[in-house]
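Single-letter residue listing:
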Amino acid sequence: MNSAATTPTPPTDRSLDAGLVPSSFDRAAGHALLAELAGERTRSGTLGPLDELAPGFADWIVTALFGGTYQRPGLTLRDRQVANLAALTALGGVEPQLADHVRNSLRIGLTRTEVTEVLVHLAPYVGVPKALAGLRVAAAVLAEAEEEGATAPETPRTGGAAE
């Protein structure tokens, strides 16, 4: 009997890859999407200082994230923002980024109620303390938006964001 271990042969069937979409990195598309998604305050307040601290990192974020991951088909911009709110709240300790994504969510048409309900919905999954921390961030951003007269409508848009 042969005691040598056998190495499994990788499958030659490419059917697992059939639904995958090649990734692209499009700097111009990244900047265009970031302009749509985030306000000037967020863009200049985040990218400028970041580039001074870590040259090239802001460009990588815009190109790889907004010009890459966000450009993939399958989720609307609205869906992506809901996922971002959930992930950042679950992560915790990233309040500035969560605040930016609450602002972005309002900019693309999520309502105050929808943002709040996303965070409330997370409580049994991520824990009450993290959900409460997320709600505190959202409350501050929502109050700021009201002061600036940029409150989100209470009824969701029917068309949804472009993919």
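Everything below is about the structure printed above this text.
The notes below deal with the structure included here. (Residues numbered from 1 in each chain as written. Predicted model: local features only at pLDDT ≥ 70, side-chain atom pairs only at ≥ 80, totals over all residues. Heavy atoms only, no water.)

All right, on to the overall build of the protein chain then. Counting secondary structure elements, the protein chain contains seven helices and zero strands. From first element to last, N terminus to C terminus, the protein chain shows the α and β order α-α-α-α-α-α-α. When burial is assessed residue by residue, the protein chain has 34% of its 163 residues classed as buried. Expressed as a percentage of contacts within the protein chain between residues at least 6 apart in sequence, the contacts between residues at least 24 apart total 72%. (Helix = DSSP H or I, 4+ residues; strand = E, 2+ residues; numbered from the N terminus. Buried < 20%, exposed > 50% of the residue type's maximum accessible area, 1.4 Å probe, protein only. Contact = heavy atoms within 4.5 Å.)

Here helix α5 (residues 95-107) contains 13 residues, and its C-alpha end-to-end distance of 18 Å stays within 8% of the 18 Å for a straight helix at 1.5 Å per residue. Here α5 has its buried residues at Leu98, Ala99, Asp100, His101, Val102, Arg103, Asn104, Ser105 and Leu106. Against α1 (27-37), α2 (40-53), α4 (77-91), α6 (112-126) and α7 (128-147) lie the buried residues of α5. Following α5 by one or two positions, glycine 109 has its phi on the positive side, about 110°. (Expected span 1.5 Å × (residues − 1).)

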